[in-house]
Protein chains: 4
Amino acid sequence: MKREKPKYMQIIDAAVIVIAENGYHGSQVAKIAKQAGVADGTIYLYFKNKDDILISVFKEKMGVFIERLREIAHRPISTEEKLYELVKNHYTILQNDHHLAIVTQLELRQTRKPLRTKISDILREYLSLYDYILKEGIENGVLKDSIDIRLLRQAIFGMIDETSTSWVMTGQKHDLVSLTDEVHQLILHGLKK
Amino acid sequence: MKREKPKYMQIIDAAVIVIAENGYHGSQVAKIAKQAGVADGTIYLYFKNKDDILISVFKEKMGVFIERLREIAHRPISTEEKLYELVKNHYTILQNDHHLAIVTQLELRQTRKPLRTKISDILREYLSLYDYILKEGIENGVLKDSIDIRLLRQAIFGMIDETSTSWVMTGQKHDLVSLTDEVHQLILHGLKK
Amino acid sequence: MKREKPKYMQIIDAAVIVIAENGYHGSQVAKIAKQAGVADGTIYLYFKNKDDILISVFKEKMGVFIERLREIAHRPISTEEKLYELVKNHYTILQNDHHLAIVTQLELRQTRKPLRTKISDILREYLSLYDYILKEGIENGVLKDSIDIRLLRQAIFGMIDETSTSWVMTGQKHDLVSLTDEVHQLILHGLKK
Amino acid sequence: MKREKPKYMQIIDAAVIVIAENGYHGSQVAKIAKQAGVADGTIYLYFKNKDDILISVFKEKMGVFIERLREIAHRPISTEEKLYELVKNHYTILQNDHHLAIVTQLELRQTRKPLRTKISDILREYLSLYDYILKEGIENGVLKDSIDIRLLRQAIFGMIDETSTSWVMTGQKHDLVSLTDEVHQLILHGLKK
DNA sequence: CATGAATGAGGATTCATTCAT
DNA sequence: CATGAATGAATCCTCATTCAT
């Protein structure tokens, strides 16, 4: 039965695994095709080229982050709670898929310009939800209104991203989600006692 | 006078320029050699291989960050002031050398395992100075003692790194150093009003 | 009405257009199929393989050359007149179908052995009509009997073919048929005054 | 001793042999490199790409045709004699190098546009010497002045080219140079008795 | 008869590295 | 120390052809 899974997602999923295990550089198209159980040429029926696979992986997986955060952003809860859920959501998705975590935190930090641009574009949608929550917080008088919102967003994302990368680079040994409380506290109140 | 500059630094400097302008991928050894004004083969008298050039670039340039931060860490000033200088120092070095900023924030985020490891090793020395300042702050009762010091460090570095990367990716148009006040405030007191 | 045209000729005609516009190299089977309005696989119900399309194109189109020349060869006119009509016929067919002209003069000059052989075989029938006319001319004492008939034929065909190719390569701008008089004269009396 | 032969000509000569024996299509760069006794990559120190090899082969070899014809064109002999030598020269060069003959008459008739253009450019210099001789003949009242000189040139070249191609396609069995007399006669006086 | 998704063999080209001079 | 000509491994992608529907 060919029905099971459309080949597109089959290849995406294979790519995540292969890239996580071999690095983008070590992930020949043939290797991804084999993992996906399709012929090399089949890849090109669904993706323009190799880079397009990576971009699509990011797009598809970022979709999950975005979808859930969007739901959080619209819940009838306080800004503090939304920020808490924001952090927890990010950590949870990464912790639940170690392969994805490697790809997201390490392999996707590609340097070639065109790729970088495409990835940024996708990330922008995710970060615009940060902005939504932050703006609301400022309007409600919960968050500082003296600082540029972009800077607030970068501060939050920087903390979450750096802690995630550290977690991945140290072998994903400890529990990432359990950092949520402390990181949430740091985001809101800073390092000062 | 090229004569007075040992070829080693000549190549390092050439590498920063070439990599910043062409990306690591587009920086063939031949191109770096040409920019440095030496023959291709000469590179290999000073560097083991191409990766070694990148690592050496990072090591040499990180040295400046480390040197200055070490001086700051030992000044007879408060922890708050040290953190202020830490941020300012990082931003200032990047802002003063746009080529270096590109290399540091974008091109060095290489994905290949061996390179990643080497770069982490070098970064560790820089980050250990963060730890020194943080530890002091905790002991003096200035900083939270309820949170793991590694997390505090990641929070600070994450913010600084993310803001720097954003600055580079948006074309280094605005003034980076002038963000110091706000970022310092976020580090200490968080986003909450 | 596509319905009335058997798919075989539909594909042949599509191939002439696609090959003329894209070159043999740029004429993927899929492109020909699309132009013909059939599925890729359908091509293989009518042709053994891609080369077979080209051969069939040549065979079908050469058929027109042959048919008309055969009629000319049997007309009750002088050898000189027959040679005149031979040239005019060749030029007229090419001039009336610019796509065909490109395919015949340029794209069909394929180099691969098997194709070359097949094309020669088809051409042979056309050229045997040249021989028929030439033989008659020799027997009637009109043409030189001192020169091998194959050489005479090659001389005529060489002139016609080269002038046709030049015409195609210069963009088919001038009138090809109007060269008939002069070429006819050259064939009969040579370059000498 | 690497001295013997500059690698450029070494590769050109290898290419002629390999292409003659395998066709352009069957002539992988690796095969040419092997025949030339160099590494694959070395080819690219001397040629921009594979097509450039073919173009260079044609340019180098056409040079011989041109050089010799130029000398003939300037000899103090009659136009008739020059045309005789022109034919003989062409046939002689081809007959003396069977590999070259195959490449020239068959493999070089490539269809891809850019290649075709480059080859035409090179051929033009050779044909301009035809024009030189023809113009002289017309001015001296030896040749017809009623026919466009380009047509005269195409007639001559067409005959020579077609007879050469026939000779190659029939396996280069008979003697090509011995056709000179008859072809010369056809060029000057045509087929008419 | 007709479809078109899937196949997978095949090859030009780049570029880090070496080593004879 | 310095050179730079030569090396050769390594891989993405195309596209003619098949065959299950």
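Reading the values: the criteria
- Residues numbered from 1 in each chain as written.
- Chains lettered and ligands numbered in written order.
- Predicted model: local features only at pLDDT ≥ 70, side-chain atom pairs only at ≥ 80, totals over all residues.
- Heavy atoms only, no water.
- Helix = DSSP H or I, 4+ residues; strand = E, 2+ residues; numbered from the N terminus.
- Buried < 20%, exposed > 50% of the residue type's maximum accessible area, 1.4 Å probe, protein only.
- Contact = heavy atoms within 4.5 Å.
- Buried area = accessible area lost by both parts, 1.4 Å probe.
- Salt bridge = Lys/Arg side-chain N within 4 Å of Asp/Glu carboxyl O.
- Polar contact = N/O pair within 3.5 Å; in protein donor to acceptor, adjacent residues only side chain to side chain.
- Near = heavy atom within 4 Å.
- Core = buried A, V, L, I, M, F, W, Y, C linked by side-chain atoms within 4.5 Å.
- Axes fitted to C-alpha atoms, helices over the stretch in contact; angles between N-to-C directions.
- Parallel < 35°, antiparallel > 145°, perpendicular 65-115°, else oblique.
- Nonpolar A, V, L, I, M, F, W, Y, C, P; charged D, E, K, R; others polar.
- Least-squares fit on C-alpha atoms with pLDDT ≥ 70 in both.
- UniProt positions renumbered as here; feature names shortened; annotations may be inferred.
- Phe/Tyr/Trp six-rings, centres within 6.5 Å; stacked < 30°, edge-to-face > 60°.
- Lys NZ or Arg CZ within 6 Å of the ring centre and 35° of its normal.
- Expected span 1.5 Å × (residues − 1).

An unreviewed UniProt entry annotates chain A as TetR/AcrR family transcriptional regulator originating from Savagea serpentis.

A. Looking closely at the overall build of chain A. The helix and strand inventory of chain A stands at nine helices and zero strands. On the principal axes, the C-alpha backbone points of chain A span a range of 55 × 35 × 30 Å. Each of the 193 residues in chain A was classed as buried or not, and the buried ones make up 53%. Summarising the internal contacts of chain A: among those between residues at least 6 apart in sequence, 72% fall at separations of at least 24.

B. Layout of the interface of chain B and chain A. On the side of chain A, 43 residues touch chain B, which itself brings 43 residues to the contact. Together, the buried faces of chain B and chain A total about 4100 Å²; carbon and sulfur atoms form 63% of this surface. The largest contributions to the chain B side of the interface with chain A come from Lys144, Leu191 and Lys192 of chain B, which together make up 19% of the buried area. Viewed at the interface, chain A and chain B are joined by six salt bridges. Salt-bridge contacts for Lys192 of chain A lead to Glu80 of chain B; the nearest nitrogen and oxygen are separated by 3.3 Å. Counting across the interface, chain B meets chain A through 21 residue pairs in polar contact (both at pLDDT 80 or more).

C. Region of interest: the protein's contact with DNA strand E. The full set close to DNA strand E counts 26 residues, and Thr42 and Tyr46 of chain A, Thr42 and Tyr46 of chain C together with Gln28 of chain D are the nearest of them. The protein-proximal atoms of DNA strand E, defined as those within 4 Å of the protein, are 72% sugar or phosphate. Within the backbone of Val29 of chain B, an N or O atom sits 2.8 Å from a phosphate oxygen of DNA strand E. Elements with a contribution of two residues or more to the surface near DNA strand E: α3 (40–46) of chain A, α3 (40–46) of chain C together with α3 (40–46) of chain D. For the surface near DNA strand E, the element with the most residues is α3 of chain C, which contributes five residues.

D. Here's a closer look at the nonpolar core. If you look at the biggest cluster of nonpolar residues, it comprises 136 residues, and the most contacted ones within it are Tyr126 of chain A together with Tyr126 of chain B. Ignoring anything within four residues of it in the chain, the contact list for Tyr126 of chain A reads Met62, Phe65, Ile66, Leu69, His90 and Phe157 of chain A. If you look at the next biggest cluster of nonpolar residues, it comprises 135 residues, including Ile122 of chain C together with Val18, Leu100 and Val168 of chain D.

E. Just the packing of helix α1 (residues 7–22) of chain B against helix α4 (residues 50–73) of chain B, in detail. All names here are of chain B. Where α1 contacts α4, the two axes come as close as 10 Å, and the packing angle between them is 100 degrees. With respect to α4, the axis of α1 lies roughly perpendicular. Between α1 and α4, the residues in contact are Tyr8, Met9, Ile12, Asp13, Ala15, Val16 and Ile19 and Ile53, Leu54, Ser56, Val57, Glu60 and Lys61, respectively. Of the residues contributing to the contact of α1 with α4, the split by class is nine nonpolar, one polar and three charged.

F. The relation of the copies chain C and chain D, seen in detail. It takes a turn of 180 degrees to lay chain C on chain D, together with a shift of 0.1 Å along the axis; the resulting RMSD is 0.1 Å. Here the copies are linked by what is in effect a two-fold axis. Same-surface contact between copies: 100% of interface residues of chain C are shared with the interface of chain D.

G. Just the UniProt feature "DNA-binding region" (unreviewed entry) in chain A, in detail. Feature annotation in UniProt assigns "DNA-binding region" (unreviewed entry) to the following positions: residues 28–47 of chain A. For residues 28–47 of chain A, the end-to-end C-alpha separation is 14 Å, with 75% helix and 0% strand making up the annotated structure.

H. Summary view of the packing of α4 of chain B against helix α7 (residues 113–139) of chain B. Residue and element names in this part refer to chain B. Remark: α4 packs on α7, axes separated minimally by 10 Å, with the N-to-C direction vectors making an angle of 0 degrees. In this view, α4 runs roughly parallel relative to α7, as classed from their interaxial angle. Within the contact between the two elements, α4 uses Asp51, Leu54, Ile55, Phe58, Lys59, Met62, Phe65, Ile66, Leu69, Arg70 and Ala73 and α7 uses Leu115, Lys118, Ile119, Ile122, Leu123, Glu125, Tyr126, Leu129, Tyr130, Tyr132 and Ile133. Of the residues assigned to the contact of α4 with α7, the class counts are 17 nonpolar, no polar and five charged.

I. Focus on the packing of aromatic side chains. Under the defined criterion, the tally for this structure stands at 16 aromatic pairs over all chains. Considering the side-chain rings of Tyr126 of chain B and Tyr130 of chain B, the 5.1 Å spacing of their centres and the 70 degrees angle between planes classify their relative orientation as edge-to-face. Residue Tyr126 of chain B and its partner Tyr130 of chain B are both found in helix α7; the two are separated by four residues, about one turn of the helix. Each member of the pair, Tyr126 of chain B together with Tyr130 of chain B, is buried. An aromatic cluster of three or more residues is present, and its members are Phe65, Tyr126, Tyr130 and Phe157 of chain A. Lys50 of chain A extends its terminal NZ or CZ atom over the ring of Tyr24 of chain A, reaching a point 4.6 Å from the ring centre.

J. Here's a closer look at helix α4 (residues 50–73) of chain A. The end-to-end C-alpha separation of α4 of chain A is 34 Å, in line with the 34 Å expected for 24 residues at 1.5 Å each. N-cap assignment for α4 of chain A: the residue whose side-chain oxygen lies 3.3 Å from the backbone N of Asp51 of chain A is Asn49 of chain A.

K. Representation of unusual backbone geometry within the structure. All names here are of chain A. Not every positive phi belongs to a glycine, and Gln172 is a case in point at roughly 55 degrees. Checked against the element boundaries, Gln172 lands in the loop between α8 (149–169) and α9 (180–189). Classification of Gln172 as buried rests on a relative accessible area of 11%.

L. Looking closely at the interface of chain C and chain D. Counting from both sides, the interface comprises 43 residues of chain C and, opposite them, 43 residues of chain D. Note on chain C versus chain D: buried area summed over both sides is about 4100 Å², and carbon and sulfur give 63% of it. Area buried by chain C at its contact with chain D is led by Lys144, Leu191 and Lys192 of chain C, which between them contribute 19% of it. Joining chain C to chain D, the criterion identifies six salt bridges. Summed over the shared surface of chain C and chain D, the number is 21 residue pairs in polar contact (both at pLDDT 80 or more).

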